[in-house]
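# Coordinate inspection notes
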Amino acid sequence: IDGRVFRIGEEVTPKPTPEERLLQLLEGAIRKHDFELYPYTAAFWIKDDEVIMEERKNGELWVSSENIWSVFETEYGMSHNEIRALIANSVAEHFNCKGVTPYPNDGWLGL
């Protein structure tokens, strides 16, 4: 189906769409705000005690390369612009986080 090898009688589950995969990666994340300590940050997206995205007031959305961005490069072979559009459209639709421009972040994200 998608290059995987199956055994006879093995149940085949379809690969999730990129949007479904992103929602899986964001499942259980919370958006935390602390305007006093971080005046330029609109929210930190935290999952399993780790910041996976940092939403800035200027519209930048810094996304963890390790936990999110690279998943779409390796699992789906998506380009930088395709990943950016996927994340921007998905967070706007599902999390009412509109008008952001996602960027991969290889460095420090966090509180």
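Further up the page is the structure itself.
In what follows, the accompanying structure is described.

Scoring rules and cut-offs
- Residues numbered from 1 in each chain as written.
- Predicted model: local features only at pLDDT ≥ 70, side-chain atom pairs only at ≥ 80, totals over all residues.
- Heavy atoms only, no water.
- Axes fitted to C-alpha atoms, helices over the stretch in contact; angles between N-to-C directions.
- Helix = DSSP H or I, 4+ residues; strand = E, 2+ residues; numbered from the N terminus.
- Left-handed = near helix turned anticlockwise from the far one by under 90°.
- Contact = heavy atoms within 4.5 Å.
- Core = buried A, V, L, I, M, F, W, Y, C linked by side-chain atoms within 4.5 Å.
- Buried < 20%, exposed > 50% of the residue type's maximum accessible area, 1.4 Å probe, protein only.
- Expected span 1.5 Å × (residues − 1).
- Pairing = 2+ DSSP bridges.

### Looking at the packing of helix α1 (residues 18-26) against helix α2 (residues 65-76)
- Axis separation between α1 and α2 bottoms out at 11 Å; the angle between their running directions is 150 degrees. Crossing geometry of α1 relative to α2 is assigned as right-handed. Contacts between α1 and α2 involve Pro-18, Arg-21, Leu-22, Leu-25 and Leu-26 from the first element and Asn-67, Ile-68, Val-71, Phe-72, Glu-75 and Tyr-76 from the second.

### Some words on the nonpolar core
- Among the nonpolar cores identified, the biggest contains 20 residues, and Met-53, Ile-68, Phe-72, Ile-87 and Val-91 are the most heavily contacted of them.
- Every element with two or more residues in this core is listed here: α1, β3 (50-56), β4 (60-64), α2 and α3 (80-95).
- When residues of this core are assigned to their parent elements, the largest contribution, 5 residues, is made by α2.
- What Val-91 contacts, discounting residues up to four positions off in sequence, is Leu-26, Trp-45, Met-53, Leu-61, Asn-96, Cys-97 and Val-100.

### Examining α3
- Relative to the 22 Å expected for 16 residues at 1.5 Å per residue, α3 spans 22 Å between its end C-alpha atoms, a close match to the ideal helical length.
- Buried within α3 we find Ile-83, Leu-86, Ile-87, Ala-88, Ser-90 and Val-91.
- The secondary structure elements touched by the buried residues of α3 are α1, β2 (41-47), β3, β4, α2 and β5 (101-105).
- Once α3 finishes, Asn-96 follows within two positions and takes phi at roughly 50 degrees, a positive value.

### Thoughts on the sheet that holds strand β1 (residues 30-32)
- The 5 strands are arranged β1-β2-β3-β4-β5 in an open sheet whose pairing can be described as mixed. Either end of the sheet is taken by a strand with one partner, and the two such strands are β1 and β5. Direction aside, the axes of adjacent strands within the sheet are offset by 25 degrees on average.
- Where α2 meets the sheet, its contacts fall on β3, β4 and β5, and the angle it forms with β4 comes to roughly 90 degrees.
- The sheet strands contacting α3 are β1, β2, β3, β4 and β5, and the helix crosses β5 at an angle near 120 degrees.

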